[in-house]
Amino acid sequence: MSDKKKQGFHAVEANVEEMEEKIRRHRKRIAIVAATVSISVVVLIAAAGIYFEWKEYQDYTVYSEVERNGSASAKYESFAGRIVRYNNDGAFYVDASDNQIWNQAYEMLNPTIDICENYAAIADLQGNQIYIMNTVSRQGEIKTGKPIEAVSVANQGTVAVLTQADGTSYLELYNKSGESLASGEIHVSNSGYPLGITLSNDANKLAVSILDISEGKAKTTITFYNFGAAGRNEIDNMVGSYSYEDVIIPEISFVSNNQMVAFGDSCIILFEGKQSPKETKKVKVKEEIKSVFYEEDFFGLVFGAADSDSGNRLEIYDMEGDLRLEKEFKMDYQDIEFLGNHEICIRNEHECEIYTLRGVKRFEYKFDHMLHKIFSGGIGRQYTFILDDAMQKVKLK
């Protein structure tokens, strides 16, 4: 039995340096594989993003639909992420499933609506009624003694109203309950005819565009008022005034607290300032403007294209006055506007085209039923279509 092999473990000599090198090589291979996988994922995500960014869609899937019997004359606006529908008989505020949040009955011949964040003012142009609404209910009502020319609402419900009678225009400021805060007169024979007003989001600043043709040629003056500390020591709270010869400026708008844009027939003028806005840029226009539209970050102009077969030319500028996009389109359009995601929506009663800020046509479609409005769904390829017979939540495909 002496030659019987012993059972058990045996000591084995190991090369420690060789083992450590093998471990290092193994870890390196794992790191390379992980990095390759990560890069591949990033590349795939980027490629998918580029694909969807440049892809044109010509159809859609309806994933939610609510039947409706809306009036053909009704108008629709986005209000704090939901939808306000209004016509001559009243206004209705609904969510994307058409569930009513509030309704306001009235009788108006020419209703218009101005919206700032969580407040809206519904006014009867050339009438005397204004309703101040927020996202919950009616907050106040204004009855003017003179025909309403224009209204502008701020984000806490303050409303500026321009009225006119017997050669005199009147500027009045009301709180959200409809109580008068301030008022003033503009005598047309001395100062000119007011074309538009706009109130800053916080209601501290008011701008008025006034046309004067007393000297035989057009001159528009934009006057700024400040109702905060900066305007208390100024006559009539006026903190600035700018005049433009041979220019008619029918539309002005504060796009934020401190930025205002003025749309003239031969130039677009940008203003900026916390207390007293100053002119920052003038964009000269040599052609007749067919349409203007804007949001907080961009504004757009539509011209007739030089080649009549091309239809229209679209120009998009940022609020520094820099040209961001120039694009021609042929659609015979009725409305053009920015959607909530900065896309440009061009539409008529049965057709629509949606473009990105890069000029890529994202969507084109011809509808069987009358199209009233398109709202951005906020994410991906989702939208809400308001049609004659239904409100549809859709995804492009």
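These figures come from a predicted structure and were not determined experimentally.

About the cut-offs
Position labels on residues start from 1 in each chain and follow its written sequence. A pLDDT threshold of at least 70 governs which residues receive local features in this predicted model, and a stricter bar of 80 or more applies before side-chain atom pairs are shown or counted, although totals over entire chains, interfaces and linings include all residues. Side-chain metrics in this entry use all non-hydrogen atoms of the structure; hydrogen atoms and water are not considered. In DSSP terms, a helix is any run of H or I states spanning at least four residues, a strand is any run of E spanning at least two, and both are numbered starting from the N terminus. The cut-offs for exposure are 20% and 50% of the maximum accessible area for each residue type, with area from a 1.4 Å probe on protein chains only; residues under the lower value are buried, those over the upper are exposed, and the others partly exposed. Here the accessible surface of atoms and residues is derived via Shrake-Rupley with a 1.4 Å probe, and residues count as covered only by protein chains that are part of the display. On a range of 0 to 100, pLDDT expresses the predictor's confidence in each residue. The contact criterion used is simple: two residues touch if any of their non-hydrogen atoms lie within 4.5 Å. Two rings belonging to Phe, Tyr or Trp (six-membered ring only in the last case) form a pair when the distance between their centres is within 6.5 Å. Interplanar angles under 30 degrees mark stacking, angles over 60 mark edge-to-face geometry, and anything in between is tilted. Placement of a charge over a ring requires the Lys NZ or Arg CZ to be within 6 Å of the ring centre, with the centre-to-atom vector within 35 degrees of the ring normal. Strand pairing is defined by DSSP finding a minimum of two bridges between the two strands. Fitted lines through C-alpha atoms serve as axes, helices being fitted only where they are in contact, and the angles separating the N-to-C directions of these axes extend from 0 to 180 degrees. By convention a nonpolar core is built from buried Ala, Val, Leu, Ile, Met, Phe, Trp, Tyr and Cys residues, the set being connected through side-chain atoms within 4.5 Å.

### Points about the overall build of the protein chain
Argument step 1. Scanning the protein chain from N- to C-terminus turns up two helices and 32 strands.
Argument step 2. Here the protein chain, with 397 residues, has 45% of them falling under the buried criterion.
Argument step 3. Counting only carbon and sulfur atoms, one obtains 47% of the accessible surface of the protein chain, whose full area is about 21,400 Å².

### As for the confidence of the model for the protein chain
Argument step 1. Scored by pLDDT, the protein chain has a mean of 88; 86% of the residues are at 70 or more.
Argument step 2. Note that pLDDT drops below 50 for residues 1–7; the model gives that stretch zero contacts with residues more than four away or on any other chain.

### Some words on the environment of Gln156
Argument step 1. Position of Gln156 among the secondary structure elements: in the loop between strand S10 (148–153) and strand S11 (159–165).
Argument step 2. Along the primary structure Gln156 and Asn134 are separated by 22 residues, whereas in three dimensions their C-alpha atoms are 8.9 Å apart.
Argument step 3. For Gln156, the residues in contact, after removing those within four places along its chain, are Tyr119, Lys176, Asn201, Asp202 and Ala203.

### Focus on the packing of aromatic side chains
Argument step 1. On inspection of all chains with the given rule, the structure shows 21 aromatic pairs.
Argument step 2. Centroid distance Tyr60 to Phe363: 6.4 Å. Interplanar angle 75 degrees. Geometry classified as edge-to-face. You can see Tyr60 sitting in strand S1 (residues 60–67) and its partner Phe363 sitting in strand S29 (residues 361–366), a full 303 residues away along the chain. You'll find Tyr60 and Phe363 in the same group, each marked buried.
Argument step 3. When the ring of Tyr365 is compared with that of Phe367, the centres are 4.8 Å apart and the planes differ by 65 degrees; the resulting orientation is edge-to-face.
Argument step 4. A network of ring pairs unites the aromatic residues Tyr60, Phe363, Tyr365, Phe367 and Phe385 as a single cluster.
Argument step 5. Positioned above the aromatic ring of Tyr57 is the side chain of Lys55, whose terminal nitrogen or guanidinium carbon lies 5.1 Å from the ring centre.
Argument step 6. A cation sits over an aromatic face here: Lys146 above Tyr170, 4.4 Å from the ring centre.

### A few points about the pairing of strand S26 (residues 335–338)
Argument step 1. Summarising the sheet, S26 and strand S27 (residues 344–347) pair through four bridges and their orientation is antiparallel. By the bridge assignment for S27, Ile336 is matched with Ile346.
Argument step 2. Between the end of S26 and the start of S27, which pair antiparallel, lie five residues, with His342 showing a positive phi angle near 75 degrees.

### As for the sheet that holds strand S20 (residues 267–272)
Argument step 1. In spatial order, the strands read S18-S19-S20-S21; together these four strands make up an open sheet with antiparallel pairing. Because the sheet does not close on itself, it has two edges, and the strands there are strand S18 (251–254) and strand S21 (278–284). Mean inter-strand twist for the sheet, computed between neighbouring axes without regard to direction, equals 15 degrees.
Argument step 2. As defined by bridge partners, S18 adjoins strand S19 (residues 259–263) across four bridges and the pair is classed as antiparallel. Bridging from a neighbouring strand, Phe254 pairs with Met260 of S19.

### Some words on the pairing of strand S8 (residues 129–134)
Looking along a regular strand, one sees the side chains alternate between the two faces of the sheet.
Argument step 1. Most of S8 is tucked away: six of the six residues are buried.
Argument step 2. The alternating pattern of S8 places Gln129, Tyr131 and Met133 and Ile130, Ile132 and Asn134 on opposite faces, both of which are buried.
Argument step 3. Direction of pairing for strand S7 (residues 119–124) relative to S8: antiparallel, over a ladder of five bridges. Bridging across to S8, Ala120 finds its partner in Met133.
Argument step 4. Following S7, the chain reverses through four residues before pairing antiparallel with S8; Gln126 in that reversal takes a positive phi of roughly 70 degrees.
Argument step 5. Pairing between S8 and strand S9 (residues 138–143): five bridges, direction antiparallel. The residue bridging Ile130 from the neighbouring strand is Ile142, located in S9.
Argument step 6. Linking two consecutive strands that pair antiparallel, namely S8 and S9, is a turn of three residues.

### Considering the nonpolar core
Argument step 1. Of all hydrophobic cores here, the largest spans 15 residues; its most connected members are Tyr60, Ile354, Phe363, Phe367, Ile374, Tyr383 and Phe385.
Argument step 2. If you tally residues by element for this core, the top one is strand S31 (residues 382–387), at three residues.
Argument step 3. Each residue touching Ile374, except ones within four places of it in the same chain, is listed here: Glu337, Leu339, Cys345, Cys352, Ile354, Tyr383, Thr384 and Phe385.

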